[in-house]
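Per-entry structural report
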Amino acid sequence: MTSEEAIAWIHGRLTFGIRPGLRRVEALLKRLGNPEKEVTMIHIAGTNGKGSTISYLRSLLEENGLHVGTFTSPHIESFNERIEINGTFISDEDLVGWVERVQPIVVEMDAEEDVTGITQFEIITAIALGYFAEQKVDVALIEVGLGGLLDSTNVITPILTAITTIGMDHMDVLGDTVEAIAAHKAGIVKPGIPLVTGNISEPALSVIDAKAKENNAATYHLGEGYQVKYRHPDPSWGEVFDFENEQGKIKHLITPMLGRHQPENAGVAIQLYALYCAQQQVPFTAKNVRNGLKKAHWPARMEKLSQEPLVILDGAHNTHAMTRLVDTMKEEFGDYRIHILFSALETKNISEMLEQLLQIPQADIYMTTFDFPKAVNLAAGYQEIDSKRISTVSLWQFGLAELLEKMTNEDLLLVTGSLYFVSEVRELLRSIGGSND
């Protein structure tokens, strides 16, 4: 089997869609010898900010010389990046090896009524947990795929948990109130396991608190268990902030990721790091925090791909993320003429996302589509929300070329919307040298 065949087989399970529940993944893991029981793990949920938080935390832990696994989704550059150890993707050889182990078990399960139809994400989860056990990582950072309570990653027993943010997304599965969504996210809370939360407002936080109290889980809330004080943008690209918890205060920390919300994500990571260090009796130092944060990188999330011309990519794929993106554009890039290349999936609230983008003064929006299931239908008339500022282009490559051609040093190109769309644009820009990497 080649790696392409292995990935094609995994993708072939997409036909089973999203099927919340743990029964199938538990059955698969049991037949693999329950590798998840051999791994020390930290579990991270949230509407937005999960990936950035994991990136920060991984970098912090690596400062202690630790062997750190990360399981994230979706992928931006290649499928293998979903499963990494210290920033190195799982190799094609290892991926093929795990698919060859899992495939016959899945065939057996498909013949059994109560566990038939295991999904793509459930299979990837099991492979990641098996790989981390096999590679004997010191700690694995596990990102929830969807929700928390019934997400396939919720088979694990972590040493720490975190919920970064709560916003309205995936309402068809999680419910249409913040309380319902919070209840799903709080499903990762485990008896006696400390929980760190990010910028979460009432009433979502009260739902989470009730779950934590029920499980006798200590909570560390932003503004209570730890403090983050935003200072200002850093001219070398990033954000400056102070962090304080019971261990003390660290001033003038810098995140390399853009956006006023990034210090909040970094704060969740630092508090998790502090708790991990205390539990595992490894050094927690200001120097490690400072150095670790600077090395963090998360593609397609407020990522500056080029300085001249200025190109920023952000997969703000729901209204909660879009609010933060618009705030950042207005606060930090008000001196630029902003051109936006936007596309999204029909499952999202596209009208509201466009209305949010129109709050950026004088920004013009090129709305486009791309080759992906449920990608936006341009015939739906979204451009009529503001026909003067929204235009449509059926091939995003043409829209991108047109925008780049007319840009000067006073212009900024923002590529946003679906992460799948942004990753396609990112791949093309990098291939033609549009990156400063």
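Right, let's walk through the structure included here.

Rules used throughout
- The numbers attached to residues start from 1 for each chain and follow its sequence in the written order.
- Side-chain atom pairs in this predicted model are given and counted only at pLDDT of 80 or more, local residue features only at pLDDT of at least 70, and totals for whole chains, interfaces and linings cover all residues.
- Side-chain numbers here rest on the full set of heavy atoms in the structure, without hydrogens or water.
- Each helix corresponds to a stretch of at least 4 residues labelled H or I by DSSP, and each strand to a stretch of at least 2 residues labelled E; elements are numbered beginning at the N terminus.
- Note on pairing: two strands pair once DSSP finds at least 2 bridges between them.
- Here, two residues are considered to be in contact whenever any of their heavy atoms come within 4.5 Å of each other.
- Every axis corresponds to a line fitted to the C-alpha atoms, with the helix fit spanning only the stretch in contact, and the corresponding angles, defined between N-to-C directions, vary from 0 to 180 degrees.
- Each residue gets one of three labels from its accessible area relative to the maximum for its type: buried under 20%, exposed over 50%, partly exposed in between, using a 1.4 Å probe on protein chains only.
- To be clear, the arc concerns the directions from the helix axis to the C-beta atoms.

Glancing now at unusual backbone geometry. The linkage connecting Glu202 with the following residue, Pro203, adopts the cis geometry, with an omega of 0 degrees. For Pro203, the location among the structural elements is in the loop between strand S7 (195-197) and helix H8 (204-214). In this structure, the amide linkage connecting Glu308 to the following residue, Pro309, adopts the cis form with an omega of 0 degrees. For Pro309, the location among the structural elements is in the loop between strand S12 (303-306) and strand S13 (310-314). For Asn216, which is not a glycine, the phi torsion comes out positive at approximately 55 degrees. Looking at the secondary structure, you find Asn216 in the loop between H8 and strand S8 (219-221). Even without being glycine, Gln281 reaches a positive phi, approximately 55 degrees.

Time to look at the sheet that holds strand S6 (residues 160-163). The sheet built from eight strands is open, its strands ordered S4-S3-S2-S5-S1-S6-S7-S8 with mixed pairing. Every interior strand has two partners, whereas the edge strands, strand S4 (88-89) and S8, have only one. Sheet contacts for helix H5 (residues 120-134): strand S1 (41-45), strand S2 (68-71), strand S3 (83-85) and strand S5 (139-143); angle to S3, the most-contacted strand, approximately 20 degrees.

A few words now on the side chain of Ser55. Here Ser55 is to be found in helix H3 (residues 50-62). Ser55 sits in the buried class, given a relative accessible area of 4%. In this structure, Ser55 is in contact with Met257, Ala296, His297 and Trp298, ignoring residues within four places of it in sequence.

With that settled, consider helix H13 (residues 396-405). When we look at burial in H13, the residues that qualify are Trp396, Gly399, Leu400 and Leu403. Taken down its axis, H13 places every buried residue within 100 degrees of arc, on the same side. Relative to its buried face, H13 has exposed residues pointing more than 90 degrees away, namely Phe398 and Glu405. Taken together, the buried residues of H13 touch strand S14 (337-343), strand S15 (364-368), strand S16 (390-393), strand S17 (411-417) and helix H14 (419-431).

Moving on, we get to the sheet that holds strand S11 (residues 248-255). Pairing within the open sheet is antiparallel, and its three strands lie in the order S9-S10-S11. Of all the strands in the sheet, the pair left with one neighbour each is strand S9 (227-234) and S11. Ignoring strand direction, the axes of neighbouring strands in this sheet form an average angle of 15 degrees. Where S9 lies against strand S10 (residues 238-245), seven bridges are found, and the strand directions are antiparallel. Across the sheet, the residue bridging to Gln227 is Glu244, located in S10.

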